[in-house]
Structure formats: structure tokens, C-alpha cells
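Chain and residue survey
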Amino acid sequence: MTGASAATAPARPAGATSPDRPAGSVRRRQRLRRALTGWAFSAPFTVLFLVFMALPVVASLAMSFTDLRSTDLRNPLAVNAVGIDNYTRLFSDDLFLRSSVNTLVFVVVGVPLTMVLALAAATALNSGLVRFRALFRVGFYLPVVTSIVAIAVVWRFLLDPEIGLVNNLLRLVGIAGPSWLFDTRLALPSLIVMAAWRNFGFLMVIFLAGLQAVPADLYEAARLDGATRWQQFRNVTLPMLRPTLLFGGVITGIGYLQLFEEPFVMTQGGPLSSTLSVSFHIYNQFGFGNYGYAAAASYVLFVAIVALSVVQFRLLGERN
Amino acid sequence: MVAKDTALRTRDRVARTVLYVVLVLGLLAVAGPFVWMALSSLKPEREIRQVPPTWWPETVTLDNFRELFSRLDFPLYFFNSALVAVLVTVGNLLFCSLVGYALAKLRYPGKRALFLAVLGMLMVPGMVTFVPQFVLVSNMGLTNTYAGLILPFLVGPFGVFLMRQFLQSIPDDLIEAARVDGAGEFRIFWRVVLPLCRPALATLGILTFLSSWNNFLWPLVVATTEDKYTLPVALALYSVGQNRTDYGLLLSGAVVVVLPVLIVFLLLQRHFLRGIATTGIK
């Protein structure tokens, strides 16, 4: 790129440049102008980005090594460096450990569930057997664009033990439905199902795009070899879709690790912390004014997200 | 041969029927709750609590909505949500396309570092920046102001990434030609480049508007008095507060939150789903 520009750049202003001016200074001035132009375009973004994103990322790390509390904001001198105390405290904090387990369960069960639903829907819609594809696509995508708060309200109503539609339907077939969100064993699974319900449409769209990119002659060849639909799916679709599946798994995992809104609105983390997530715990610590401690917990979450992405790339990506 | 053909055709027909049944059940499961929400919001509280429930409202009433809009301040929350979402969207469209153009088409020192910083930021979970952002905004005296609700979202790494990727596909010749014609850099951007970016701008605009409209955690902590609440904040606080089982009110609130998004989505869904399939980000 640079080579091509060096060859063409002097050609244009040749007429305008007086011959006595040394070529080096012209080039230097051009370079300066290019730098100014580039940064003129980048400056508004860069300023906002630095102040509201990059700086907070660094500040969060710094904070995590201090005992900063909300009451210290007016009196910054009261803040002490405490080394890795916050981090060691985290791992003896029962609520943090509990929230980590809950979040892991949510990810480990939720991601595969969401992916299976998404892949099933995408394969069905891509099979060529179904009409009204646009209708199904839009319908399945609906929950993705709606506010989680509104969805949580609707689901709390659906899952209400007495008047909820779910238990009323169960009653029709003679089953006494449990109180979903008030049972320590059922609250988290309920949130997992709700999350899969809400998010599979997004992955479905991604998988559909991936499926459409699989060359049709591969299926043709498989069919000539007498492969059944299932065999075609196993031996053509899945391998070809591997990068897309990997991508879908990673971004769903990243999203699910940050679980917050569902328990906030549905269960407030209860009953008995059975739906307390790491992000919710961080939020609570923030609410108590323990800023340094909250920052440390958020960095642990950050590391977990990076680690999960790396592991998934290793697991699913290695055969490429 | 003919026998095999008809056998295949019957098998296809069976497969097709099974698929339709499964898909329709799936659609009921996904869209059903929304329909149930809308229908129930039109029932009086007494009928909402009736066991077994009525599917179609026996008494259709707008009382729930009337209460939202007269006793509660939902028109104000609606205005707040709309104002914040519109300004955040405009900011993202403008700033992200400017820097996206620079990253894709201009050469200047520091460009690589800037792009890497943007890419890195895509990985950072919201909770990491959340606490310092709050400290920053309160030190600036911006808690409980529109500026405090808007500023941290005025740009985002995703928007830059999207615009840069799209702008790279625009041929250099067009820009060179304008430059030879003597157009200034900003004029080239505004008159030549931006009109070509319409599809990317549409995608970014819709996605930004939606995520701002649905944003919850930040307005929850920054808006401290009711006059700055956005719709999701108001709805969430009502639903965990003393109205937590006042389903008529909550469901109609949910309808108010969902309806504008639903309309935008249904009108623009083509754009939408295509954009997501190509960028892979919601």
C-alpha cells in the first residue's frame, strides 16, 4: 500500500511544486497533512472513546487493587492500595463463589441448549421444504429485539404459580405445576430456558447465513452416494458449518457469562441466592459502595470471558 | 424407478408435515407470550387473576394504559427513552462513520494502534467499565442528567468495526477521482463516501437505537429521580417494587416498551436480518 502511494503521490502535485523546493520537504508536508486529516476524522471518536471506555478499563484495573469505597469519592486521599487483597477476598466470599457456580451452570447448560434450538430452526428453514420462511424467521427473531425487562415481566406472569398460563396449561393435563421462580432447584433452570427462548433467534439468523454458504454440489454428491438426510447433516452440514458454530458459541458464551438482567427482574437473585450471577454480585457490591471490590470481581469476569473464548476456539477450531 | 420416486415423494411429504408441525409449535412458543401479554394488558386486573384464565378478554378495557399515562409518568419515560436513543444513534452514526472512514481509507500515524484498541474493547464486558464510568460521570456532576445517560454511549467499538469493514469495500478510485477534482477531504466524505454507506448506516442505526432503547443497567444507576427514568428502568422498578404483582399495570407497561421496537423491527426487518447475518453482532 505504501509503495503504491509513494509512486503515485509525487506525480500529482508535480506541476504545482516549484522545482527549486527539495522533494523531501514536500513529502514531509504531505505526510503532515495526511496525519492531520486522519486525526481530524478520528479525533471526535477517539476523545470519547478514551474518556468513556479506555480510561475506565484501566481505572477499573487500578481500582481493583485499592479499597476505594463510594464514600471516598470526595476524599481521594483516604484510598489505600491493598495489593491483591480484593482478589483473595473474592475467593473466600461465599456469595461470589455461589454466583460463579450459578453463572457457570447458566453458560454450560444455556449455550448448548440455545445452539441446538438455533441450529434446528435454521436447518428446518433452510431445508427447502418449508414455505413462509420469512414469517418464521421474523417470529423467532422477535424476542431478540425486545427489552429484557418487558420479557421478564411477561415471563413472571406466565410462570406465576397460581394465575400463570404455564401452570394453568399443566393443570389441564392434570399436573400440579411447581412455583417455578420461588423454588431453589427450579429458578435457575427456568432462567436458562427463558434465555434460550430469547436468544436462539439471533443465532438462527447467523446459522442460516452459514448454511446458505454451503455449496449445493456437496449435498448433490452426498445424495448420489446414497446419503440419507441425517447423514448429509452429519457429514456435510456440520463440518462445513464449524466456523459459524464456533462463532455462535463464543458470542453466546460471552453474553451468558454476563448474565444480569434476567435474575435482576425475575428473581432478584433469589430464592436463597440460587440465581445470583457474577454480574449481579458485582452490581450489589457496587450498590453497597465497595467500588474496589466490585472492580476486582469484574476483572475476574473479564478473565473468565477471555478464557472461555480461547477454550472454545481450541475445542472447536483445532480441526480447521 | 417410478415406485422409488413416489416413495421418495411420500417421504418428503411426511418430512414436510413434521417440519411444519414443529415449526408452528415453535412459533407459538416464541410469539405466544407476546400475544398473551397484549391480550392480558386489555383485561381488568380481576380477569387477569381469574383461574382458569380467559384466552380472549371478556371485558376489554384500556384502564391499565390509562393508569400508566395519567397516574404514572409513562409519557415522560417514553420521551426520555426516545430522546436518549435518538441522540445516541445520531452520535454513533456520525462519529463511527468518520473514524471508520479514516481507518479504512486514510493513512496516518497511530491508525493501527487505534484500530487494535477498538478491537480489544469489543471483548471487554460492560461490568468492567461500569464502576469507573459511574465514578467518572458523578465526578463530572452528570448523574441524573441526560448528558450522563447519553455521553458514555455516544460512540462504541462495534459501530467503528462495522463502518470500517463496510468502507473497505468502497473502491478507492471513487475517492481518488473526487480528490483529483479538487474536493476537500471532508467534502469527499460527506458527498461521496457517506451516500454509499447507506446500508451500513441503516444497520448501525437500527442496532444502536434498539440497544439504547432496551438499555437497562446504566440508566438504572444514573437516573436517580423519576423524571429521568427511561421506560425499562421505570418498568423494572415497578416490577420489583410494591407493584410487583400488579400484573395489569406491568403487562401494559411491557406493551408500551415493546410496541415501538416491534413496529421498527417489522418495518425494517429485511435490513435488519441481513445486517446481522453479515456482521454477526446484534
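Residues numbered from 1 in each chain as written. Chains lettered and ligands numbered in written order. Predicted model: local features only at pLDDT ≥ 70, side-chain atom pairs only at ≥ 80, totals over all residues. Heavy atoms only, no water.

The helix and strand tally for chain A stands at 13 helices and 0 strands. For chain A, the α and β elements follow one another from N to C terminus as α-α-α-α-α-α-α-α-α-α-α-α-α. Here chain A has a C-alpha radius of gyration of 27 Å; the compact-globule value for 320 residues is 20 Å, and the former is much larger. Dimensions of chain A along its principal axes, counting C-alpha atoms only, are 100 × 75 × 35 Å. Among the 320 residues that make up chain A, the fraction classed as buried is 49%. (Helix = DSSP H or I, 4+ residues; strand = E, 2+ residues; numbered from the N terminus. Rg over C-alpha atoms; globule rule 2.2 N^0.38 Å. Buried < 20%, exposed > 50% of the residue type's maximum accessible area, 1.4 Å probe, protein only.)

Before going further, it helps to spend a moment on the pattern of salt bridges. Residue and element names in this part refer to chain B. Taken as a whole and judged by the stated rule, the model has 8 salt bridges over all chains. With a shortest N-O distance of 3.1 Å, D227 and K228 are connected by a salt bridge. The structure contains a network of salt bridges with shared partners spanning E176, R179 and E185. (Salt bridge = Lys/Arg side-chain N within 4 Å of Asp/Glu carboxyl O.)

Turning our attention to the domain arrangement of chain A. Often the size quoted for an interface is simply the accessible area lost on bringing the parts together. Per the domain assignment, the segments of chain A are domain 1 (2-56) and domain 2 (87-317). Measuring from the centre of the C-alpha atoms in domain 1 of chain A to the corresponding centre in domain 2 of chain A gives 47 Å. (Domains from an automatic or database assignment.)

Attention now moves to the interface of chain A and chain B. Opposite the 86 residues of chain A that make contact, chain B presents 96 residues. Of the roughly 8,400 Å² buried where chain A meets chain B, counting both sides, 80% is carbon and sulfur surface. Interface area lost by chain A to chain B is led by F41(A), F45(A) and F52(A), which between them contribute 10%. At the boundary of chain A with chain B, the tally comes to 0 salt bridges. For the pair chain A and chain B, the interface holds 11 residue pairs in polar contact (both at pLDDT 80 or more). (Contact = heavy atoms within 4.5 Å. Buried area = accessible area lost by both parts, 1.4 Å probe. Polar contact = N/O pair within 3.5 Å; in protein donor to acceptor, adjacent residues only side chain to side chain.)

With that out of the way, let us pick up a nonpolar patch on the surface. Residues and elements named next belong to chain A. A grouping of V101, L104, V105, V108 and V109 is seen on the molecular surface, where their side chains present a nonpolar patch of about 420 Å² in accessible area. Within the element layout of this structure, V105 appears in helix α4 (residues 94-126). Judged by its relative accessible area of 35%, V105 falls in the partly exposed class. (Patch = residues over 30% accessible without salt bridge, like charges linked within 9 Å, V, L, I, M, F, W, Y side chains within 5 Å. Areas by Shrake-Rupley, 256 points an atom, 1.4 Å probe, with all protein chains shown as cover.)

On to the packing of helix α8 (residues 157-168) of chain B against helix α11 (residues 198-214) of chain B, then. How two helices pack is summed up by the angle between their axes together with the distance between the axes. Residue and element names in this part refer to chain B. Packing of α8 against α11 brings their axes to within 10 Å, and their N-to-C directions diverge by 165 degrees. Looking at the two axes, α8 sits roughly antiparallel to α11. α8 and α11 meet at a crossing whose hand is right-handed. Together, F158, G159, L162, M163 and F166 of α8 and P199, A200, L201, L204 and L207 of α11 make up the contact between the two elements. Looking at the contact of α8 with α11, its residues break down into 9 nonpolar, 1 polar and no charged. (Axes fitted to C-alpha atoms, helices over the stretch in contact; angles between N-to-C directions. Parallel < 35°, antiparallel > 145°, perpendicular 65-115°, else oblique. Left-handed = near helix turned anticlockwise from the far one by under 90°. Nonpolar A, V, L, I, M, F, W, Y, C, P; charged D, E, K, R; others polar.)

So, on to a positive patch on the surface. A surface patch of like charges, here positive, comprises R27(A), R28(A), R31(A) and R34(A). Note that R28(A) resides in helix α2 (residues 23-63). (Lys, Arg positive; Asp, Glu negative; His and termini not counted. Charge placed at Lys NZ, Arg CZ, Asp CG, Glu CD.)

The next thing to look at is helix α8 (residues 187-212) of chain A. Taking 1.5 Å as the rise per residue, α8(A) with 26 residues should run 38 Å; its terminal C-alpha atoms sit 38 Å apart, in good agreement. Largest kink in α8(A): about 40 degrees, centred on N199(A). (Expected span 1.5 Å × (residues − 1). Bend = angle between axes of the 7 residues up to and from the residue.)

Summarising burial for helix α13 (residues 231-240) of chain B: 8 of the 10 residues are buried, a large majority. What α13(B) keeps buried is the set L231(B), P232(B), V233(B), A234(B), L235(B), A236(B), Y238(B) and S239(B).

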